Amino acid sequence: MSPRADKQERGTRRQAILEALARELEEKPGERITTAQLARAVGVSEAALYRHFPSKAKMFEGLIEFVEDTIFSLANRILAEEKEAVTRCEKLCLLLLGFAEKNPGMTRLLAGDALTGEHARLRLRVSQFYDRIETQLKQILREARLHGQVMSDAQVQTRSSLLLALVEGRLQQFVRSGFERSPLAQWPAQWASLDCVLRD
């Protein structure tokens, strides 16, 4: 096998492991996923898992990295296509909620549920993900102020924090319900109330 083909095969196997981990997280809500379970789901030995990832923490990091890459690339597209600040905020929140609904297993990571008993750096990584989201919301609201919308620094902080708390709360409810309570349930009506606050 050529080095290039070998590299492609390793990449394909890594992808299969991450997809299996996401499925296990979705199909076993509330359970801690072991490498033995994961190896069975992939159809390989535990030793084979460790040839592709040096630890289970690295597997979780691979999933978190996928979430980051997906969300922030789509967020950049929203910012490029949409110029109105409140609509930008709405679409960014909707992006997170829609991603969660389509990817329940990964939502367990974002909600912290799957990280109980795992390495502390994983929780830090998720915390940094949310910090980046909040920073993006603050930046959107600050730009709105520059374009004539009257809003103090304190209001920018309060409103960006409120939006993030709403999204995080909906993800927590989704996970806590065993993925029965959609993160998008009643969203249009709730956003209508927030829209008024953000435009005040």
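Refer to the structure printed above.
Residues numbered from 1 in each chain as written. Predicted model: local features only at pLDDT ≥ 70, side-chain atom pairs only at ≥ 80, totals over all residues. Heavy atoms only, no water.

Novice: Please explain the overall build of the chain as it appears in this structure.
Specialist: A count of helical and extended segments in the chain gives 9 helices and 0 strands. Counted from the first residue to the last, the chain has its helices and strands arranged as α-α-α-α-α-α-α-α-α. Principal axes of the C-alpha set define a box for the chain whose edges measure 60 × 40 × 25 Å. Counting all 200 residues of the chain, 44% fall into the buried class. Taking the contacts inside the chain whose residues are at least 6 apart along the sequence as the reference set, 67% of them involve residues at least 24 apart. Carbon and sulfur atoms form 51% of the exposed surface of the chain, whose accessible area is close to 10600 Å². (Helix = DSSP H or I, 4+ residues; strand = E, 2+ residues; numbered from the N terminus. Buried < 20%, exposed > 50% of the residue type's maximum accessible area, 1.4 Å probe, protein only. Contact = heavy atoms within 4.5 Å. Areas by Shrake-Rupley, 256 points an atom, 1.4 Å probe, with all protein chains shown as cover.)

Novice: I'm lost on the packing of helix 4 (residues 56–81) against helix 5 (residues 85–102) in this one. Help?
Specialist: Packed helix pairs are specified by the crossing angle of their axes together with the interaxial distance, meaning the distance between the axes. Where helix 4 meets helix 5, the axes come as close as 10 Å, and the angle between the chain directions of the two elements is 150°. Regarding the angle of helix 4 to helix 5, the classification is roughly antiparallel. The way helix 4 lies across helix 5 gives a crossing that is right-handed. Along the contact surface, helix 4 presents F66, V67, T70, I71, L74, A75, I78 and L79, while helix 5 presents R88, K91, L92, L95, L96 and F99. Along the lines of polarity and charge, the residues of the contact of helix 4 with helix 5 split into 11 nonpolar, 1 polar and 2 charged. (Axes fitted to C-alpha atoms, helices over the stretch in contact; angles between N-to-C directions. Parallel < 35°, antiparallel > 145°, perpendicular 65-115°, else oblique. Left-handed = near helix turned anticlockwise from the far one by under 90°. Nonpolar A, V, L, I, M, F, W, Y, C, P; charged D, E, K, R; others polar.)

Novice: Hey, could you run me through the pattern of salt bridges in this one?
Specialist: Side-chain pairing between opposite charges can occur once the charged atoms of the two side chains come close. Here the structure, examined in full by the defined rule, presents 10 salt bridges. The partner of E68 in a salt bridge is R125, and the shortest N-O contact between them spans 2.9 Å. You can see E68 sitting in helix 4 and its partner R125 sitting in helix 7 (residues 120–146), a full 57 residues away along the chain. Just as E68 is buried, R125 falls in that class too. Where E82 meets K91, a salt bridge forms, and the shortest distance between an N and an O atom there is 3.6 Å. By relative accessible area, which is 37% here, K91 ends up partly exposed. Here the salt bridges do not stand alone but share partners, grouping R32, K56 and E118 into one network. (Salt bridge = Lys/Arg side-chain N within 4 Å of Asp/Glu carboxyl O.)

Novice: Is there a simple way to think about helix 7 in this case?
Specialist: Three- or four-residue spacings in an α-helix give side chains the same orientation, since the helix completes a turn every 3.6 residues. Look at helix 7: 39 Å from first C-alpha to last across 27 residues, which is about the 39 Å you get at 1.5 Å a residue. Buried within helix 7 are the following residues: L122, R125, V126, F129, Y130, I133, E134, L137, K138, I140, L141 and A144. The inward-facing, buried residues of helix 7 abut helix 4, helix 5, helix 6 (104–111), helix 8 (153–176) and helix 9 (187–199). (Expected span 1.5 Å × (residues − 1).)

Novice: Teacher, can you tell me more about the packing of aromatic side chains here?
Specialist: In this description, an aromatic ring pair is defined by two values, namely the gap between the centres and the angle between the planes. Taken as a whole, this structure holds 4 aromatic pairs when the rule is applied. Plain terms: the ring middles of F72 and F129 are 5.5 Å apart, the flat faces sit at 65° to each other, and that makes the pair edge-to-face. Note that F72 is positioned in helix 4 and F129 in helix 7, a separation of 57 residues in sequence. Here F72 falls in the buried class, since its relative accessible area comes to 11%. Taking the relative accessible area as the measure of exposure, F129 reaches 1% and is therefore buried. One aromatic cluster is present, formed by F72, F129 and Y130 through successive ring pairs. We note R132 situated over the ring of F72; from NZ or CZ to the ring centre the distance is 3.7 Å. (Phe/Tyr/Trp six-rings, centres within 6.5 Å; stacked < 30°, edge-to-face > 60°. Lys NZ or Arg CZ within 6 Å of the ring centre and 35° of its normal.)

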